[in-house]
Amino acid sequence: MPRSEPPVVEQAAEAHEDVTPLLPELVEYLRQHRTQLRKEWVRRITDAQLLRVMTPEEIFSEVTAVYDNYVDTLETGSVQTLQDYARDLSERIIPRGVETHEVLGIVLLLRDVLARSLFVKYQDDSNLLNRILDAYEPAANRIAVTVGVSFVEERERVIREQQEAIRELSTPVLQVRDRLLILPIIGVLDSQRARQLMEQLLAAIQTNRAKVVVIDITGVATIDIDVANHLVQTVEASRLMGASAIITGLSSKIAQTLVDLGVDLGMMKTVGDLQGGLEEAERLIVKAKARDSAGEPA
Amino acid sequence: MSVAIVRQGDYLIASVQSDLSDSEVLRLRDDLVDRVGRLRLRGIIVDVGALDVIDSFVARSLRSIAVTARMRGALTVVVGIQPDVAIAMVQFRLNLEPLQTALDLDEALAVLDRAGHWEGEDGG
């Protein structure tokens with residue numbers, strides 16, 4: 001095996017040396033035929049019914065920009081500008097519902113359009129055609145990958161941002177009255193969010209000097225063992241800090257799940273609904289106050 | 001020793017100023033339990049607000065303070081557990097049962113006063 005390797009390396013190096021001077025020629029050719037190739041590309045995009053959410057004018061102007069960036073990238077070998085442009089483009093088109101397959105589709109179409117025009121131009125000289133394609137293909141593939149990856153990365157960034165926003169939005173800790181907090185939980189509880197809730201609640205207990213907290217999970221559809229444990233931990237941690245926690249709004253499904261999971265709720269005070277929970281909380285607070293103000297033993 | 005112990009009426013207030021070594025924890029326990037009996041006190045408040053960590057040894061010692069002091073007629077309340085400390089404790093499954101906890105000193109004094117009244121009522 002080691003013996004067969006060196007020739008391959010040499011060949012590659014040779015090919016590399018060969019194609020380098022051809023790139024400027026290729027770039028020159030693509031610049032000269034810019035109008036015609038661009039038109040052909042737009043036609044193929046429309047035929048393939050890609051980017052249907054965009055108007056023909058928009059497609060044309062984006063296509064022009066991508067084409068120029070594409071040729072520049074072929075010339076300089078640096079994908080930086082194209083990458084920035086692709087990010088920027090993705091940012092604009094993602095909210096309009098452009099899909100990943102469309103973006104990949106149009107980039108691959110451009111690759112095909114250009115390759116086909118090269119075939120036509122160099123059809124008489126198959127040797128030269130091969131060398132031109134050697135120069136063109138790796139660069140074109142790299143560009144396709146760059147654009148595709150930029151699009152997907154941008155999409156993932158948007159998703160991450162939205163997840164964070166949802167997380168922030170959905171965990172308010174509300175003070176109802178002096179020393180009484182409510183924590184209404186809505187949506188899907190995962191471990192990370194449950195943990196974040198616990199931290200927020202404990203911090204709120206400290207700042208508001210809360211005596212009782214009502215954790216309402218009416219808006220939670222399902223629960224798993226990790227989240228159940230987080231809830232138990234939240235109740236225990238609240239108690240360590242000197243506040244009692246009441247859990248309200250356990251749906252019958254969740255109650256069933258908790259029983260099936262064998263979660264020990266013995267330590268937790270649970271009340272059917274939020275109203276009942278608040279009444280219970282009031283009772284606890286009033287009781288404490290009454291005892292405080294009951295000066296002498298009866 | 002980094003624990004300030006002051007007497008307030010029928011209660012002892014022990015403020016832990018910094019993380020304690022194991023031997024300091026034991027000394028604190030012996031000291032508190034001894035004073036409770038000697039001075040005929042009704043309650044102990046241990047303020048752990050300055051602690052960044054409450055490990056199993058400290059938790060057990062706090063429990064043992066509570067149990068021994070109880071036998072000598074005093075109730076123990078732990079106050080000022082920080083949110084991070086509380087989270088760490090529940091994650092390591094440390095609990096302070098049957099210890100009372102309270103948010104701050106005011107709250108702890110109220111808890112002790114309350115316990116006094118109820119006992120008075122029960123007795124009378």
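Because the structure is a prediction, the values reported are computed rather than measured.

Asks: Break down the overall build of chain B for me, citing the residues and quoting the values.
Replies: Across its full length, chain B holds 4 helices and 5 strands. Listing the helices and strands of chain B from first to last along the sequence gives β-β-α-β-α-β-α-β-α. Here chain B, with 124 residues, has 37% of them falling under the buried criterion. In chain B, once contacts between residues fewer than 6 apart in sequence are set aside, the share between residues at least 24 apart is 73%.

Asks: Go over the environment of alanine 210 of chain A, please, and point to the residues and values.
Replies: All names here are of chain A. If you trace the backbone, alanine 210 turns up in the loop between α8 (191–208) and β3 (212–219). You can call alanine 210 buried: it has 25 C-beta atoms within 10 Å. As a C-alpha pair, alanine 210 and arginine 179 span 31 residues in sequence and 4.0 Å in three-dimensional space. The contact partners of alanine 210, leaving out residues within four places of it in the chain, are Arg179, Leu180, Leu181, Ala204, Ile205 and Ala243.

Asks: Can you break down the sheet that holds strand β2 (residues 11–16) of chain B residue by residue, with the values?
Replies: All names here are of chain B. Taken in spatial order, the 5 strands line up as β1-β2-β3-β4-β5 in an open sheet, and their pairing is mixed. Pairing within the sheet leaves two strands with one partner each, and these edge strands are β1 (3–8) and β5 (100–102). Each neighbouring strand pair of the sheet contributes to a mean axis angle of 25°, computed without reference to strand direction. Both strand β4 (residues 75–79) and β5 contribute to a ladder of 3 bridges, which runs parallel. Bridge pairing in β5 links valine 77 to glutamine 100. Against the sheet, helix α1 (residues 22–39) touches β1, β2 and β3 (43–47), its axis set at about 165° to β2. Its contacts with the sheet place helix α2 (residues 56–71) against β3 and β4, and it is angled at close to 155° to β4.

Asks: Now, about unusual backbone geometry: what can you tell me, with residues and values included?
Replies: Positioned with a positive phi, arginine 179 of chain A is a non-glycine residue whose angle comes to about 70°. Looking at the element boundaries, arginine 179 of chain A is found in the loop between β1 (174–177) and β2 (180–186). Since 21 C-beta atoms lie within 10 Å of it, arginine 179 of chain A is described here as buried. Its identity is not glycine, yet arginine 93 of chain B carries a phi of approximately 55°, on the positive side. Within the secondary structure layout, arginine 93 of chain B lies in the loop between α3 (83–91) and β5.

Asks: Would you mind going over the nonpolar core in detail, with residue names and values included?
Replies: Formed by 72 residues in total, the largest nonpolar core has its most connected members in Leu183, Val213 and Met241 of chain A together with Ile44, Val77 and Ala86 of chain B. Dropping the residues within four chain positions of it, methionine 241 of chain A is found in contact with Leu202, Ile205 and Gln206 of chain A together with Ile81, Pro83, Ala86, Thr101 and Leu103 of chain B. Of all hydrophobic cores here, the second largest spans 31 residues; its members include Leu30, Tyr67, Val113 and Ala135 of chain A.

Asks: How would you sum up the sheet that holds strand β4 (residues 244–248) of chain A? Please name residues and give values.
Replies: Paired through backbone hydrogen bonds, the strands of a sheet run either parallel or antiparallel to each other. Residues and elements named next belong to chain A. Overall, mixed pairing links the 5 strands, which are arranged β1-β2-β3-β4-β5 in an open sheet. At either end of the open sheet lies a strand with only one pairing partner, and these are β1 and β5 (269–271). Neighbour-to-neighbour, the strand axes of this sheet turn through a mean angle of 30°, independent of strand direction. Each of β1, β2 and β3 touches α8; the most contacted strand, β2, lies at about 165° to it. Against the sheet, helix α9 (residues 225–240) contacts β3 and β4, and its axis sits at roughly 150° relative to β4.

Asks: I'd like a rundown of α8 of chain A, residues and numbers included.
Replies: Here α8 of chain A spans 26 Å end to end across 18 residues, near enough to the 26 Å set by a 1.5 Å rise per residue. Within the sequence span of α8 of chain A, burial applies to Ala194, Leu197, Met198, Leu201, Leu202, Ile205 and Gln206 of chain A. Angularly, the buried residues of α8 of chain A cover 165° about the axis, an arc narrow enough to put them on a single face. Residues of α8 of chain A that are exposed and point more than 90 degrees away from the buried face comprise Gln192 and Thr207 of chain A. In this fold, the buried residues of α8 of chain A make contact with β2, β3 and α9 of chain A together with α3 of chain B. Taken from the residues just after α8 of chain A, arginine 209 of chain A is the one with a positive phi, measuring 50°.

Asks: Outline the confidence of the model for chain A, listing residues and values.
Replies: Residues and elements named next belong to chain A. This prediction gives chain A a mean pLDDT of 82; 90% of its residues lie at or above 70. Confidence, expressed as mean pLDDT per element, reaches its minimum in chain A at helix α1 (residues 5–19) with 46 and its maximum at β4 with 92. When the criterion is pLDDT under 50, residues 1–17 qualifies, and its contacts beyond four places in sequence or with other chains add up to 1 contact.

Asks: Requested: an account of the pairing of β4 of chain B, with residues and values cited.
Replies: Residue and element names in this part refer to chain B. Most of β4 sits out of view: 5 of its 5 residues are buried. Residue alternation in β4 divides its side chains into two sets, Leu75, Val77 and Val79 and Thr76 and Val78, and both sets are buried. Pairing between β3 and β4: 5 bridges, direction parallel. Across the sheet, isoleucine 44 pairs through a bridge with threonine 76, a residue of β4. Since β3 and β4 lie parallel, the crossover through α2 that links them has a hand, and here it is right-handed. Where the polypeptide runs from β4 across α3 and back to β5, its parallel neighbour, the crossover connection is right-handed.

Asks: So what's going on with the environment of leucine 26 of chain B? Residues and values would help.
Replies: By the secondary structure assignment, leucine 26 of chain B is in helix α1. In the structure, leucine 26 of chain B is positioned 32 residues away from valine 58 of chain B in sequence and 9.1 Å away in space, judged by C-alpha atoms.

Asks: Describe α9 of chain A, and please don't skip the residues or the numbers.
Replies: A turn of α-helix holds 3.6 residues, and therefore any two residues three or four places apart point the same way. For α9 of chain A, built from 16 residues, the straight-helix expectation of 22 Å at 1.5 Å per residue is met to within 8% by its first-to-last C-alpha distance of 22 Å. Of the positions making up α9 of chain A, those classed as buried are Val227, Ala228, His230, Leu231, Thr234, Val235, Glu236, Ala237, Ser238, Arg239 and Leu240 of chain A. Next to the buried residues of α9 of chain A lie α8, β3, β4 and α10 (252–261) of chain A together with α3 and β5 of chain B.

Conventions and cut-offs
- The numbers attached to residues start from 1 for each chain and follow its sequence in the written order.
- By the order in which they are written, chains take letters starting at A while ligands take numbers starting at 1.
- pLDDT decides what is reported in this predicted model: residues at 70 or higher carry local features, side-chain atom pairs at 80 or more are listed and counted, and totals for whole chains, interfaces and linings draw on all residues regardless.
- Under the scheme used here, helices are H or I runs from DSSP no shorter than 4 residues and strands are E runs no shorter than 2 residues, and both carry numbers assigned from the N terminus.
- Every C-beta atom is placed from the backbone, and the number of other C-beta atoms within 10 Å of a residue's own sets its class: buried at 20 or more, exposed at 12 or fewer, partly exposed in between.
- A pair of residues counts as a contact when their C-beta atoms, built from backbone coordinates, are separated by no more than 7 Å.
- Paired strands are those between which DSSP finds at least two bridges.
- To obtain an axis, a line is fitted to C-alpha atoms, over the contacting stretch when the element is a helix, and the angle between two such axes runs from 0 to 180 degrees between their N-to-C directions.
- The term nonpolar core means buried Ala, Val, Leu, Ile, Met, Phe, Trp, Tyr and Cys residues held together as one set by C-beta atoms within 7 Å.
- Given a helix with a known number of residues, its expected span is that number minus one, times 1.5 Å.
- In this description, one arc is meant: the one made by directions from the helix axis to the C-beta atoms.
- The predictor rates its confidence in each residue with pLDDT, a number between 0 and 100.
- Clockwise travel from the first strand over the helix to the second, with the strands pointing away from the viewer, marks a crossover as right-handed.

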